[in-house]
Amino acid sequence: MNLSFSFLNKLVLVGSPANQLKQKNKIHNYSQQIGGIDYVFERLNGGMLGYMTGIGKGIKPCDRIILQQGCESYQYQIEEIDYYSDPSDMWIALLKQVV
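A few points on the structure. (Residues numbered from 1 in each chain as written. Predicted model: local features only at pLDDT ≥ 70, side-chain atom pairs only at ≥ 80, totals over all residues. Heavy atoms only, no water.)

Topologically, S73 is positioned in strand β5 (residues 72–83). For S73, a relative accessible area of 47% gives the class partly exposed. Separated by 43 residues in the primary sequence, S73 and Y30 have C-alpha atoms spaced 9.8 Å apart. Beyond its immediate sequence surroundings of up to four residues, S73 is in contact with I66, L67 and Q68. (Helix = DSSP H or I, 4+ residues; strand = E, 2+ residues; numbered from the N terminus. Buried < 20%, exposed > 50% of the residue type's maximum accessible area, 1.4 Å probe, protein only. Contact = heavy atoms within 4.5 Å.)

As structure tokens, then:
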């Protein structure tokens, strides 16, 4: 009985929000890339949201992307991302600007 209780406690800890907070989200810097050539960014809602198509592996939801427009740089959080099957490192993502 004690063994199963211990196992269940550990199982609950694996999926707990505290463990999810320990995972670090990455920042991907696309500010040196050329928009329209290296990536495509379509602004929505006055730039607060946008769709971006780019290339890169290991990019996942809650990661952030830095984009440059003119002299200004903007940081966006990835809300959703889908990878293409070919090429496998190309993706499209819904981004939300971090203010």
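We now examine the side chain of D63. Within the element layout of this structure, D63 appears in the loop between β3 (49–55) and β4 (64–69). Side-chain polar atoms of D63 contact the backbone nitrogen of K26, separated by 3.0 Å. Aside from chain neighbours lying at most four places away, what touches D63 is N25, K26, H28, G58, Y76, Q77 and I78. (Polar contact = N/O pair within 3.5 Å; in protein donor to acceptor, adjacent residues only side chain to side chain.)

Going through the model one piece at a time under the given rule, you end up with 1 salt bridge. Close ionic contact of K60 with D63 constitutes a salt bridge, the shortest N to O distance being 3.2 Å. In this structure K60 comes out as partly exposed when scored by relative accessible area, which is 32%. (Salt bridge = Lys/Arg side-chain N within 4 Å of Asp/Glu carboxyl O.)

As a further point, take the environment of Q68. Along the chain, Q68 turns up in strand β4. Here the alpha-carbon distance between Q68 and Q32, two residues 36 residues apart in the chain, equals 7.5 Å. When near neighbours in sequence (up to four residues on either side) are disregarded, Q68 contacts S31, Y39 and S73. A distance of 3.1 Å separates a polar side-chain atom of Q68 from the backbone oxygen of G70.

So, about the packing of aromatic side chains. Counted under the stated rule, the structure contains 3 aromatic pairs. When the ring of Y30 is compared with that of Y39, the centres are 6.2 Å apart and the planes differ by 90°; the resulting orientation is edge-to-face. A relative accessible area of 8% means that Y30 is categorised as buried. A centroid spacing of 5.0 Å and a plane angle of 55° characterise the contact between F41 and Y76, whose relative ring orientation is tilted. With F41 in strand β2 (residues 40–44) and Y76 in strand β5, this residue pair connects regions lying 35 residues apart in the sequence. On the basis of relative accessibility, which here comes to 1%, the residue Y76 falls in the buried class. Here a set of aromatic residues connected by ring pairs shows up, and it is made of Y30, Y39 and W91. (Phe/Tyr/Trp six-rings, centres within 6.5 Å; stacked < 30°, edge-to-face > 60°.)

Moving on: the sheet that holds β5. Taken in spatial order, the 6 strands make up an open sheet running β1-β4-β5-β6-β3-β2, and their pairing is mixed. A strand with exactly one partner marks an edge of an open sheet, and here the two such strands are β1 (27–29) and β2. Strand after strand, the sheet turns through a mean of 30° between neighbouring axes, direction not considered. Relative to strand β6 (residues 90–97), β3 is paired through 7 bridges, and the arrangement is antiparallel. Paired with Y51 across the two strands is L94, which belongs to β6. (Pairing = 2+ DSSP bridges. Axes fitted to C-alpha atoms, helices over the stretch in contact; angles between N-to-C directions.)

Nothing here speaks to function; it is all geometry.
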